[in-house]
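What the coordinates show
Here is how the chains run, residue by residue.
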Amino acid sequence: MTIRVNRRTALGLGTVATAGTVFGPSVPAAAEPGPAATTSAEPGQAGTTAAQPGPSAERRSAVARVAAAYRRETGRAGGNWQAYVSLTSPTGGDPLVAVAESADRRIEAYSVNKIAVAVAVLDKVDRGLLTLDQRVEVSAAIVVPGGDGIFSLDGAYPSQVTLGHVLANLLTVSDDTAVRLCGLVCPAAELNQILQAKGFPNTQVQPVANPNRFFLGTSTPRETHDLLQALVGGTLLTPSSTDVVLRLLRAPVAFTDGIRREMSSAQRARIATKAGWFADARHEAGVIFDAAGAPVLTYALFADGQPGADDYGATHPAVAARARLGRWFLDATDRVGGSGTRHRAHPHRPSNGG
């Protein structure tokens, strides 16, 4: 029999959450939901709250359910987890924190930081320094051989694409060559300066000898979470650039192996998400919107140390855990509703060609 022990279990630590802020010090936010919180037994089923009626009680119950699901599923997956998860406040105040585990640890963010790269590029668009229809050259030398995405599959270079096409590939299929193409118009040093000026000193790419290239660098769960909240709150980019990012992250072709896996197409459209994977790390961060398009839950989930480092598919323990968490997150928040700026999903109309 194999006994799985992760770092938190070995140290005797559970999920760290700001329970005092949400519930008061006597009720831990990470406790398993009992009869007073929910009667839901399986993800996919609507839970019923037995707590005192009213939006406040329902939202507190949702926070407890999210925290308990996180503790259960990450323990099941094993390895190391660093995370920050919150629900929006119905009054527009500070978010209600469900999970804060190693939230300020600076770690390799991998492709989750492609959101930050896109933000920096679009900041230059907003300032009139770049345009989405300007062209960049895709040379054979700039293509990442064997990397994720579309450009490495073309096999015909040089070619030219618009900057909008680059961003579409960057944020949907997580194209690695698209990172280098972004570097042509926003070098590493400038990119880091833009992010620092916006209040994200830990979300930084790693420069290399070529000033137009970089590794995707670092972030913290809290900063990734806050960057996403600033994005949906409209304080990071102009409305048009905000729409570009959210439209791509919510697209049907965006990442579906994790948080969005066990959902209908309509439910997937309510979630803007970006995954990142390299070596033994499997990360994902994003925002869940309610049916009206208002943000309701923001998550930044960073995981490493699980078995199966060579498995980049849906069967990796951390990815499978995120798929179960996505279903729990959606169901737990369905009754509480979001708050803030609404971002409605763009209509998806399948085509048969012609």
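Residues numbered from 1 in each chain as written. Predicted model: local features only at pLDDT ≥ 70, side-chain atom pairs only at ≥ 80, totals over all residues. Heavy atoms only, no water.

1. Things to note about the overall build of the protein chain
Counting secondary structure elements, the protein chain contains twelve helices and ten strands. Here the protein chain holds 354 residues, and the buried ones make up 51% of them. Contacts in the protein chain between residues at least 24 apart in sequence constitute 68% of all its contacts with a sequence separation of at least 6. Accessible area for the protein chain stands at about 15100 Å²; split by element, carbon and sulfur atoms hold 54% of it. (Helix = DSSP H or I, 4+ residues; strand = E, 2+ residues; numbered from the N terminus. Buried < 20%, exposed > 50% of the residue type's maximum accessible area, 1.4 Å probe, protein only. Contact = heavy atoms within 4.5 Å. Areas by Shrake-Rupley, 256 points an atom, 1.4 Å probe, with all protein chains shown as cover.)

2. Observations regarding the side chain of R250
In this structure, R250 sits in the loop between α10 (239–249) and α11 (265–268). Within the structure, R250 has its side chain in polar contact with the backbone oxygen of A269 (distance 2.7 Å). Beyond its immediate sequence surroundings of up to four residues, R250 is in contact with R260, R268, A269, R270, I271, A272, F289, H343, R344 and A345. (Polar contact = N/O pair within 3.5 Å; in protein donor to acceptor, adjacent residues only side chain to side chain.)

3. Some points on the confidence of the model for the protein chain
Reading fine detail from the predicted coordinates is not recommended where pLDDT is low. In the predicted model, the protein chain carries a mean pLDDT of 87, and 84% of its residues have values of at least 70. When the criterion is pLDDT under 50, residues 1–55 qualifies, and its contacts beyond four places in sequence or with other chains add up to 99 contacts. (pLDDT = per-residue confidence, 0-100.)

4. Thoughts on helix α9 (residues 221–233)
Helix length check: α9, at 13 residues, gives a terminal C-alpha distance of 18 Å against a target of 18 Å (1.5 Å per residue), a fit within 8%. Residues P221, E223, T224, H225, L227, L228, A230, L231 and V232 constitute the buried set of α9. Elements that come into contact with the buried residues of α9 comprise β1 (80–87), α4 (114–126), β7 (214–219), α10, β9 (281–289) and β10 (295–304). After α9 finishes, the residue G234 shows a positive phi value of roughly 85 degrees. (Expected span 1.5 Å × (residues − 1).)

5. Here's the deal with the packing of aromatic side chains
All chains considered together, the criterion is met by four aromatic pairs. When the centroid spacing of 6.4 Å and the interplanar angle of 85 degrees are considered together, the rings of Y70 and W81 count as edge-to-face. Of this pair, Y70 sits in helix α3 (residues 55–77) while W81 sits in strand β1, and the two are eleven residues apart along the sequence. A residue is classified by how much of its surface remains accessible, and Y70, at 0% relative accessible area, is buried. (Phe/Tyr/Trp six-rings, centres within 6.5 Å; stacked < 30°, edge-to-face > 60°.)

6. Let's talk about the sheet that holds β10
If you trace the five strands from one edge of the open sheet to the other, you get β2-β1-β10-β9-β8, paired in antiparallel fashion. Strand pairing shows two members of the sheet lacking a second neighbour, β2 (96–101) and β8 (271–278), which therefore form its edges. Going from strand to strand, the sheet's axes swing by 5 degrees on average, the running direction of each strand aside. Pairing analysis gives eight bridges linking β9 to β10, with the strands arranged antiparallel. Residue F289 lies in a different strand from β10, and its bridge partner there is P295. On the sheet, α10 packs against β8 and β9 and is oriented at approximately 70 degrees with respect to β8. (Pairing = 2+ DSSP bridges. Axes fitted to C-alpha atoms, helices over the stretch in contact; angles between N-to-C directions.)

7. A word on the sheet that holds strand β3 (residues 107–108)
Spatially, the three strands line up as an open sheet ordered β3-β7-β6, and their pairing is antiparallel. Strands at the two margins of the open sheet, each flanked by one partner only, are β3 and β6 (204–207). Of the pairings in the sheet, the one linking β6 to β7 comprises three bridges and is antiparallel in character. Within β7, the residue paired with P207 across the bridge is F214.

8. Thoughts on the packing of α4 against helix α8 (residues 188–197)
It is at 9 Å that the axes of α4 and α8 come closest, and there the two elements cross at 90 degrees. In terms of their interaxial angle, α4 and α8 are classed as roughly perpendicular. Between α4 and α8, the residues in contact are A116, V117, A120, D123 and K124 and E190, L191, I194 and L195, respectively. In terms of residue class, the contact of α4 with α8 is made up of six nonpolar, no polar and three charged. (Parallel < 35°, antiparallel > 145°, perpendicular 65-115°, else oblique. Nonpolar A, V, L, I, M, F, W, Y, C, P; charged D, E, K, R; others polar.)

9. Things to note about the pattern of salt bridges
This structure, assessed with the given rule, holds 13 salt bridges. Between R72 and E73 there is a salt bridge, with its nearest N and O atoms 3.7 Å apart. Given the relative accessible area of 31%, R72 is considered partly exposed. Salt-bridge contacts for R270 lead to D334; the nearest nitrogen and oxygen are separated by 3.2 Å. Taken as a pair, R270 in the loop between α11 and β8 and D334 in the segment after α12 (317–333) lie far apart in primary sequence, 64 residues in all. Given a relative accessible area of 42%, D334 falls into the partly exposed group. Through salt bridges with shared partners, a single network forms among R72, E73, R76 and R324. (Salt bridge = Lys/Arg side-chain N within 4 Å of Asp/Glu carboxyl O.)

10. Some thoughts on a nonpolar patch on the surface
A contiguous nonpolar patch, built from I150, L153 and V173 and spanning about 260 Å² of accessible area, is present on the exposed surface. Following the sequence through the fold, I150 ends up in the loop between β4 (135–138) and α5 (151–154). (Patch = residues over 30% accessible without salt bridge, like charges linked within 9 Å, V, L, I, M, F, W, Y side chains within 5 Å.)

11. Describing the pairing of β4
Because side chains alternate across β4, one face comprises the buried residues V136 and V138, and the other comprises R135 and E137, none of which is buried. Direction of pairing for β4 relative to strand β5 (residues 159–162): antiparallel, over a ladder of four bridges. Counted as the bridge partner of E137 is Q160 from β5.

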